[in-house]
Amino acid sequence: MYDSIIIGAGPAGITASIYAARKSMNILVLSHDLGGQTNWTATVENYTGFQLIKGIDLVEKFKAHLKQFNAGVKDNETVLSAWKTGETFKVKTDKGEYEAKTLVIASGRVHRKLGIKGEDEFIGKGVAYCATCDVPLFSGAVVAVIGGGNSALDASLQLEKIAKQVYVIDETAGFKADPILVEKLLGSPRVKVFRGDKVVEIMGDKFVNGIRLEQNGKIEELEVEGVFVEIGSAPSSGFIKDIAKNVSGEIYVNCRCETSVPGIFAAGDVTDIPAKQIIVACGEGAKAALSAYSYVNNK
Amino acid sequence: MPKNIKIYTTSECVYCSMLKSYLNDKHIEFTSVDVGADRQAFLEMREKTGMMSVPVIDIDGKIIAGFDKEALAKELGLQ
């Protein structure tokens, strides 16, 4: 049995693993995407010590630091469920089942999907969720970006440099992004904004060729070759029930990263912590590991 | 007989970097083309593979989309 199973290996999970390993805890780290959301962040300018660093380069540094320790890391497993059994906890993944005295949940967040017709059909065939990866593929193309937050604006600004035309579709009719980004975007001749419209269908044959918008009963169709879905994220907490969460599904934690279940700790973007930042996630990961260590040693 | 491996990538795509590291770690030879920089290569990828996302790997004509370690290991006979 492990002292702790750490679920997720983004900034929070990796930091928790390092702290736990340095306390000589016997740990298992489960992840299906080492580095988490930081992998998809083009540049990071607010991680203390690094004035500007690519997300993927920061992840390489985290991974190298973790590699120094003898932590058991399974980086190709997806956690399906976790539950309390007597005084311990069990975790089931797509590859096995494991048991530990404590859990540190650092499973982060996943892209929200639109949930509309054509979305799943055309993933990889015009529908994209990762601007960093896929923007370069749409050079000279007409594309749509769905969303009104910083991610949507950021994707739009990347596309605006190379695409023929960018349609930004913001259902909320009031951009939630930083004003400086909004101003930059609205100033571009290649950008057209649709406020208050809802995308109801993505159309195509072999690849995407259009989207259908709806507002107040009025339908409009736009010819596009690409659709970037940037409507925010949801916490990856579905695998654990019987634990206190807020209405958004974020796990409640106190300042010691304790959850409503003794022995389960949580850190980073999966929790209700208001600042979803890499550096905050790292700090929370450290706290969660130290709390797990105290728990194991005081039992 | 060694397989003819070609990968289609873009410069900032993390799964593309992971794929290259994976192949290099296993000492597998491959050619790589940046479909963000090379429009002709992008059109070739789209035509040949039916995919408009990266990475895409072509192993002697067998297409694997995304960095799918298990499918790769199976196709390359690494299991």
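Rules used throughout
- Residues numbered from 1 in each chain as written.
- Chains lettered and ligands numbered in written order.
- Predicted model: local features only at pLDDT ≥ 70, side-chain atom pairs only at ≥ 80, totals over all residues.
- Contact = placed C-beta atoms within 7 Å.
- Nonpolar A, V, L, I, M, F, W, Y, C, P; charged D, E, K, R; others polar.
- Pairing = 2+ DSSP bridges.
- Helix = DSSP H or I, 4+ residues; strand = E, 2+ residues; numbered from the N terminus.
- Axes fitted to C-alpha atoms, helices over the stretch in contact; angles between N-to-C directions.
- Buried ≥ 20, exposed ≤ 12 C-beta atoms within 10 Å, placed from the backbone.
- Right-handed = clockwise from strand over helix to strand, strands pointing away.

Q: Can you explain the interface of chain A and chain B? Please cite residues and give values.
A: In this complex, chain A contributes 16 residues to the contact, which on the side of chain B involves 17 residues. Considered class by class, the residues forming the side of chain A that touches chain B number seven nonpolar, six polar and three charged.

Q: A description of the sheet that holds strand S4 (residues 62-65) of chain B should follow, citing residues and the corresponding values.
A: Residue and element names in this part refer to chain B. The sheet built from four strands is open, its strands ordered S2-S1-S3-S4 with mixed pairing. Every interior strand has two partners, whereas the edge strands, strand S2 (31-34) and S4, have only one. Each strand axis lies, on average, 20 degrees off the axis of its neighbour in the sheet, ignoring direction. Here four bridges tie strand S1 (residues 5-9) to strand S3 (residues 56-59), and the two strands are oriented antiparallel to one another. What sits directly across from Ile5, in S3, is Ile59.

Q: How would you summarise the pairing of strand S12 (residues 165-170) of chain A if you had to cite specific residues and measurements?
A: All names here are of chain A. Taken across its six residues, S12 has five buried, putting it largely inside the fold. As paired strands, strand S11 (residues 142-146) and S12 are joined by five bridges and run parallel to one another. Opposite Val145, over in S12, you have Val168 as the bridge partner. What joins S11 to S12 is helix H4 (residues 150-160), and the crossover it makes is right-handed. Both S12 and strand S13 (residues 191-195) contribute to a ladder of five bridges, which runs parallel. Opposite Tyr167, over in S13, you have Lys192 as the bridge partner.

Q: Could you give an account of the sheet that holds strand S10 (residues 127-128) of chain A, with specific residues and numbers?
A: All names here are of chain A. Within the open sheet, the five strands sit side by side as S10-S17-S11-S12-S13. Their pairing is parallel. Sheet topology places S10 and S13 at the edges, where each strand pairs with a single neighbour. Bridging between S10 and strand S17 (residues 226-229) involves two bridges; their strand directions are parallel. By the bridge assignment for S17, Val127 is matched with Val227.

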